[in-house]
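# Observations on chain architecture
The chain contents come next:
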Amino acid sequence: MRTANATTAIRLRRLSALPVVVLIIILAVALGLSSPYALSAQNLINILNQQASLILVTIGQVMVILTAGLDLSVGSVVSMTTAIVSHDVPFAVPLAIAAALAVGLVNAIGILRLGVHPILMTLSTMTAVQGIALFVRPIPGGQVPDWMTDYASAVVLGLPLPVVCTAVLVLIAAAIISRSRFGLHLMAIGASQESALLGGVNTGRVVLVAYLLSSLFACLGGLNLAARLASGDPLVGASFAIDSIAATALGGTQLSGGLGGVTGPVTGVLFLALLGNGLNLLNISTYYQMIIKGALLIVAVSAHRRSQPGL
Amino acid sequence: MRTANATTAIRLRRLSALPVVVLIIILAVALGLSSPYALSAQNLINILNQQASLILVTIGQVMVILTAGLDLSVGSVVSMTTAIVSHDVPFAVPLAIAAALAVGLVNAIGILRLGVHPILMTLSTMTAVQGIALFVRPIPGGQVPDWMTDYASAVVLGLPLPVVCTAVLVLIAAAIISRSRFGLHLMAIGASQESALLGGVNTGRVVLVAYLLSSLFACLGGLNLAARLASGDPLVGASFAIDSIAATALGGTQLSGGLGGVTGPVTGVLFLALLGNGLNLLNISTYYQMIIKGALLIVAVSAHRRSQPGL
Amino acid sequence: MLLEAQDITKSFGSVHALSGVSLRLRSGSVHAVLGENGAGKSTLMKIISGVFSPTSGTLTVEGEQVDWRRAEQARAAGVSTIFQEFILLPNLSVAENLFLGREPRTAVGLIDRARMRQESHRILEGVGLDLDPDVLTGSLRVAEQQMVEIAKGVMRDARIFVFDEPTAALGDRESQKLFELIRKLQAEGKGILYISHRLPELFELCDEVTVLKDGQFAGHFMMKDTNPEELVTTMVGRSLDQLYPPRRPAESAGAPALELRNIVVEGLRGPVNFTVGKNEIVGLAGLEGQGQIEITRAIYEGHTLVSGEILFEGRNLGHSGPSGGIGAGIGLIPEDRKAEGLFLSLSVRRNISAGLLPGRGLASPAATARREIAEQVRRLRIRLRNVGQTIRELSGGNQQKALLARWLVRGAKMLICEEPTRGVDIGAKSEIYALLRELADSGVPVLVTSRELPELIGLCDRIVVVREGSTVAEFRWEQATEEKIMAAAIDGGRA
Amino acid sequence: QEVPELNPALSPVQGSPMVDRPASTKDKFVLGFSNISVVNTWRVQMVEELKHEASLHPEIADLIVADAGGDVNKQVADIESLITRGVDALLVAPGSEVALNGALDKAHDAGIPVIIFSSNATPKNYTVKLLADDAQFGRDGAKYLAEAMGGKGNILSIRGISGNSIDNDRWRGVEEVLADYPDIKVLDQGFGDWAYDKGKQVCESLLIAHPDVQGIWSSGGAMTQACAEVAEENGLPLVPMTGEANNGFLRIWKEKDLQSVAPISPTWFGQQGVVAALRVLKGAPIAKDNLVNPAPITKDQIDQYYRPDLSDAYWVGSTLPDEKLREMYGK
Ligand SMILES: Nc1ncnc2c1ncn2[C@@H]1O[C@H](COP(=O)(O)OP(=O)(O)OP(=O)(O)O)[C@@H](O)[C@H]1O
Ligand SMILES: Nc1ncnc2c1ncn2[C@@H]1O[C@H](COP(=O)(O)OP(=O)(O)OP(=O)(O)O)[C@@H](O)[C@H]1O
Ligand SMILES: [Mg+2]
Ligand SMILES: [Mg+2]
């Protein structure tokens, strides 16, 4: 029975999250020692609350990356969402969701039907949607429905409601990716679209759903952000694409597709957040922060090699 | 027995630049009709002069993309270069070049030795180098050596010297990529790293050189920009990574590697420039410009389909 | 009639893969489909499996006409296909691969891993594989993967089973296991379509055969009423007087060009000792994965060497990388043509001139060698539209010839061919054999590994048997028989 | 210890109440400063002036600067962590009028004095606001142009970042003034993002498209410089064009002898922010809402402000000491 020495697929996926988990612990300890505030409950809750939006966006990004794709348009979708819902029109929220799904649909069509490379396709929609966001709301401002601001400020069992909701969504997404057919098919496609197709996966549908979900989660991130900022901002999403990709890879999900999960990337988000927050508390200037962040990214990531067995 | 169907690789490589060339002509005509100034010699020379830096950066980007890699750090390198050479220290320029090469070296090491995915590796250096640029020159300003400003304003046979130099470099790069051993090695690696390795290509060295050249050309772009602005600016390169990638793909070089050249991408740069300039002349607001640009990107790119799906 | 395909035509753009091909499959029969590379076999199979839909023509299953658009539909209707190209996903577990697309699910709709694991055990044992279903598929040996692939196909309760070149990647024992399975299906009254370029196994296994040529129906025979010569003539259009070229007497083997002295290869027991004469073709025989590839790579790349020395033309090969072997004048045609040899997205010309890539001076202009390439393409009779065509579009046989051309253009002084004719049709085979012999006669020695013993016996001057990474026996072709070689391969010839 | 004085150019909005807040019982303070970004030299110098002022006062034990890198979401985060960190006063250069309100209210509720300056935010409660009237910048320039052009002719406008509130307010000021000059026509406008290079591209496009203009309104000095150069390169006349009070522009103004005016948006906002914080903490009188509008620099005043020894990036009228300025801007 060949099992002892051989890697099992499940273990490999589980392990993928390990390095960043270790890193975050090291980081936490280091911060805890250097600044009394870093690990205060309040500060940690703040961080979670601040990162809720990015976490949501990252969930969608992971699904696309598992198929060996990439979604650069998420940031613009976040911005567009805040821009739309900050207008006092009926059905603003459903409208925002519909718009987001339309973006996902365009991405999928371009990639599946026209055969455009994911990077380029989503780069194009990123630009176009950014334009739309600026068109809908050239200036930051506006007003979001009260229920949204209430949602943002609500507290359940000592935790901000947005944090709780995000946590729930993370758990659901984790289950979907690691236990559902859809999740398995994402990874199958990530390894080889043709093989997956011949192997009985409806690749077209799965990729479509992945990009739709990516846009949808970006939209949720935008809604959460709009609620938090009680306003819209056509440029607020600018950093989300890069950040979600960095977090995903940091979390051990291969950018070349086929291997990964949700927990890793979410930890990745928190790692970057904790890092930034800590460096702030330590009052380290922005330049040094960037240098340190870049260096740490390299360190963190070189922990998982691209060349996993079988990939 | 069978008549020609699939376009041949040769024609493919020649054709790869075709769609964008066609588009550029259509665009030029449209602009010429709508605004008499669009095609005035002066305006075209201005455009060439404005785009010289991006063209240089794109040349390097192409080499990396041919190996199925990607270099997101070029923008930061451009910024860092302007930041360094705008300081009045001895050997500022050699220093800038050395710094740039160091970045390329780090990228290559991360990708080759540590097996980090190119996107992620260059994302990390992008962040770190941006930090360095801000550290070297927090504020735009400073002064570049006189010979640089002289260079920027010099004119040969009615053309700005920078334009002439860039043109020469483009020709050299084109020759290298389509004629030299190195160029073929790039494509071989892009087409199949395994086959290239077993075929006796020193893939390590070639990829190293590719990233070094990418950083070097980014540095040249930075020098050209610093000369043009007669000063340094730590954020001036921000858009270069995205723009050079878009232009490369627009020019028919496959983001999945192995296929392409330099002329296409250069035309891609000019297409985007002519577009932006034209829309400015037509006084179309930024939002619409972005929407149009995004849409056109999709159209232009879906003209060349990707050979195999996935990243 | 279980399955009936009537004047099927399939065009890809202006490429006519199939024109008016008909095929009738009876239940309880193993029906061979024979033809040259590119004759249209896989295309026909892909139409029967719902991957492609025919440009024209009809498909009827048990009397009712079907019109499939997607592979799932064919599967649902009871067609189970083992495709030619590997479709296992290396990053999934064996169980996940076995059940991909039809995963058992729990009440809440998540994958029922427990059940998947149990059933996988059963299925794997069914094909004689003793594997943990959770193991990562990518970590299996090629033959194991192929067996998993076969298991995946066989496990389905289907009426029609399609095997497209299943044995191309199998060793003898696995092949026998496969034939067992197929006979079992046959006994259950299923219909089996079977593609292979190995004639002997067709006569062993099948009871009727449909032959295609250039996408057209070329003939249908009952196996018992026909013979290899007739089949070959039908599929190639000319008769192959003999498959293997004549050999020279032992004494004309020439001075040893390559000498392996007590070499031990990383991870294998060793030692390996043998020589290849300047005018010889030497074969490496042995069971699956006994170190044949490690040895050829040690000669070509060098760096896996633990001890011992490799002399080429009297000089010690002290290299540590392919460029070393190439520099010394050795060419390699790798086992996995598509992954390790070809640049599928590049033109035939680029693929051939790739042989000229290694060498000093990155900046130096690359040789184009247009004339030499054109000449070799003619000499090897590579079937293509023009040398600018992407090599992906060539059939395996022609891709293989292109790899040969690569080394001829470079003027290699010795050639190593791993599985030189895998997936290559019999016509192309005989051409390749003749070519290798021609090379040997002209003083370019050839070292060959193959899973097909008859091929080694037919082609080589000498056959070296390896077991657990050490040379255990050596036979001149005159004395070589499958029995002797197998005996040596299994018990090290101690008997 | 003496209490620092407010800058005379800073005046209470009429009707603004005075801050009434008990003086802090502490004798050492930790100040927190949440800055939206340092994307341009103006903001950098503004922050430097803030830091410098803080360094002058021994009673300020620590100054924590959090830079949001232009991201309002991060600025909310920064403010929250400054609250957690327990600062004695919170200085904010907001990146959005509304986005920070929740966080700022939290700070105020936590008993932390909130000083909003340089750009506006609208929380329910705050302690002090120091704002400039950006429309004034537009008015000053437009008034000058109108007079210089004799009340008629065509103008081009080179604006900042499209959608940016400062740019919009400045433009609003321009429109207010031009409303009184029916014979002045705005032929065309472009957005130069306040940057030299983008500005140069836009000016090149606009001037080539409309060579026949009598005036140019510019939202920033770097763009004005670019326009002047474009005009020269293309052999067009140097028509009146508005500038901005930074060294680079003053140099060009002097060298090219432009007809221009330079509205001031003071970088000593930062410095005044610290002053205001100290006054609040020490219970010294200060109005809740304050406005700055310094008179623009006119051609005859160039030499009072221009600093040949400093680089173009320097924003004139700084409170920074010479050695600091030379360190930042020295050539
Ligand atoms: N996807 C495709 N696109 C275009 N043409 C194709 C495609 N697949 C097959 N063809 C054409 O159909 C012909 C027959 O291909 P097919 O795969 O059926 O050959 P085959 O008989 O299976 O060859 P082999 O014995 O090497 O497997 C090919 O020569 C090719 O020209
Ligand atoms: N994309 C394609 N375009 C044109 N022809 C194709 C394409 N893909 C496959 N073919 C044709 O299909 C036939 C079979 O293709 P395939 O890749 O199976 O080659 P093969 O001979 O089967 O190689 P092998 O036996 O090693 O798998 C070839 O003759 C090839 O010409
Ligand atoms: Mg086939
Ligand atoms: Mg074949």
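Before reading on, note that the structure itself is shown above.
Here the residue numbers are simple positions, counted from 1 along each chain's written sequence. Chain letters start at A and ligand numbers start at 1, both assigned in the order the entries are written. Confidence filtering applies because this is a predicted model: local features only for residues at pLDDT of at least 70, side-chain atom pairs given and counted only at 80 or more, and all residues used for totals across whole chains, interfaces and linings. Water and hydrogen atoms were dropped before computing side-chain values, which therefore reflect all heavy atoms in the structure.

What follows concerns the overall build of chain D. Counting from the N terminus, the helices are the DSSP runs of H or I reaching at least four residues and the strands are the DSSP runs of E reaching at least two. Counting secondary structure elements, chain D contains eleven helices and ten strands. Atoms considered for the radius of gyration are the C-alpha atoms alone. The globule rule reads 2.2 Å times the number of residues to the power 0.38. Relative to the 2.2 N^0.38 estimate, which gives 20 Å for 331 residues, the radius of gyration of chain D is 21 Å and therefore close to what a compact globule would have. The C-alpha extent of chain D, read off along each of the three principal axes, is 65 × 40 × 35 Å. Counting every position in chain D, which comprises 331 residues, the buried fraction comes to 63%. Residue contacts are defined here by distance: any two heavy atoms, one from each residue, within 4.5 Å place the two residues in contact. Long-range pairs, those at least 24 residues apart, make up 72% of the contacts in chain D with a sequence separation of at least 6. Residue-level accessible areas treat just the shown protein chains as cover; the underlying method is Shrake-Rupley with a 1.4 Å probe. As displayed, chain D offers around 11,800 Å² of accessible surface, 51% of which is attributable to carbon and sulfur atoms. Only four residue types enter the charge count, namely Lys and Arg as positive and Asp and Glu as negative; His and the chain termini do not. We put the charge of a Lys on NZ, of an Arg on CZ, of an Asp on CG and of a Glu on CD. Of the side-chain charges in chain D, 30 are positive and 46 negative, and the distance between the mean point of each set is 2 Å. Between buried and exposed lies partly exposed: a residue is buried under 20% and exposed over 50% of the maximum accessible area for its type, with that area taken using a 1.4 Å probe on protein chains only.

This next bit is on the sheet that holds strand β2 (residues 29-35) of chain D. Residue and element names in this part refer to chain D. In short, DSSP must find at least two bridges between two strands for them to pair. Pairing within the open sheet is mixed, and its seven strands lie in the order β1-β10-β6-β5-β4-β2-β3. Two strands close off the open sheet at either side, each with one partner strand: β1 (10-12) and β3 (60-67). Adjacent strand axes in the sheet meet at a mean angle of 20 degrees, parallel and antiparallel pairs treated alike. One ladder, built from three bridges, connects strand β4 (residues 89-93) with strand β5 (residues 114-117); its direction is parallel. Within β5, the residue paired with valine 92 across the bridge is isoleucine 116. To get an axis, a line is fitted to the C-alpha atoms, and for a helix only the part in contact is used. The angle between two axes follows their N-to-C directions and goes from 0 to 180 degrees.

This paragraph deals with the coordination of the magnesium ion (ligand 3). When a metal holds four donors in a tetrahedron, each ideal angle between them is 109.5 degrees; when it holds six in an octahedron, the ideal angles are 90 or 180 degrees. All names here are of chain C. Within the protein, the magnesium ion (ligand 3) binds to Ser42 (OG) and Gln84 (OE1); these donor distances fall in the range 1.7 to 2.0 Å. A 2.8 Å cut-off from the metal defines N, O and S donors, relaxed to 3.2 Å for Na, K and Ca; water is not in the atom list, so some sites may appear incomplete. Between the magnesium ion (ligand 3) and the magnesium ion (ligand 4), both coordinated by glutamine 84, there is a metal-metal distance of 4.4 Å. Of this pair, serine 42 sits in helix α1 (residues 41-48) while glutamine 84 sits in the loop between β6 (79-82) and α3 (94-99), placing them 42 residues apart in sequence. Given the relative accessible area of 17%, serine 42 is considered buried.

Take the relation of the copies chain A and chain B next. For the pair chain A and chain B, the relating rotation is 180 degrees, the translation along its axis is 0.0 Å, and the fit reaches an RMSD of 0.2 Å. With respect to symmetry, the two chain copies, as superposed, fit the operation of a two-fold axis. Both copies present the same face, since 91% of the interface residues in chain A are matched by interface residues at the equivalent positions in chain B. The copies were overlaid by least squares, fitting only the C-alpha atoms of residues that reach a pLDDT of 70 or more in each copy.

Quick look at the site of ligand 2 now. Residues and elements named next belong to chain C. Any residue with a non-hydrogen atom lying within 4 Å of a molecule or strand is treated as near it. What surrounds ligand 2 is the set Asn37, Gly38, Gln84, Glu165, Arg337, Lys338, Arg392, Glu393, Leu394, Ser395, Gly396 and Gly423. Pairing of N or O atoms within 3.5 Å defines a polar contact, subject to two protein rules: one partner must be a possible hydrogen donor and the other a possible acceptor, and residues neighboring in sequence count only if both atoms are side-chain atoms. Contacts to ligand 2 include glutamine 84, whose side-chain N or O atom sits 2.7 Å from an oxygen atom. Arginine 337 places a side-chain nitrogen or oxygen 2.5 Å from an oxygen atom of ligand 2. Its residues assigned to classes, the shell around ligand 2 comprises one nonpolar, six polar and five charged. Asp, Glu, Lys and Arg are counted as charged, while Ala, Val, Leu, Ile, Met, Phe, Trp, Tyr, Cys and Pro are counted as nonpolar; the rest, among them Gly, fall into the polar class.

A separate point is the interface of chain A and chain B. In this complex, chain A contributes 46 residues to the contact, which on the side of chain B involves 47 residues. Simply put, the buried area is the total loss of 1.4 Å probe accessible area from both parts when two parts are fitted together. Contact between chain A and chain B buries roughly 4,000 Å² in total, counting both sides, with carbon and sulfur atoms accounting for 79%. Note on definitions: salt bridges are taken to be side-chain nitrogens of Lys or Arg within 4 Å of carboxyl oxygens of Asp or Glu. Our count for the chain A to chain B interface comes out at zero salt bridges. Counting across the chain A and chain B interface gives zero residue pairs in polar contact (both at pLDDT 80 or more). Listed by contribution, the elements that provide at least two residues to the side of chain A that touches chain B are α5 (92-112), α6 (118-136), α10 (193-198), α12 (240-250) and α14 (286-302) of chain A. Counting residues per element, the side of chain A that touches chain B draws most heavily on α6(A), which supplies 15 residues. Residues of the side of chain A that touches chain B, tallied by class, amount to 29 nonpolar, twelve polar and five charged.

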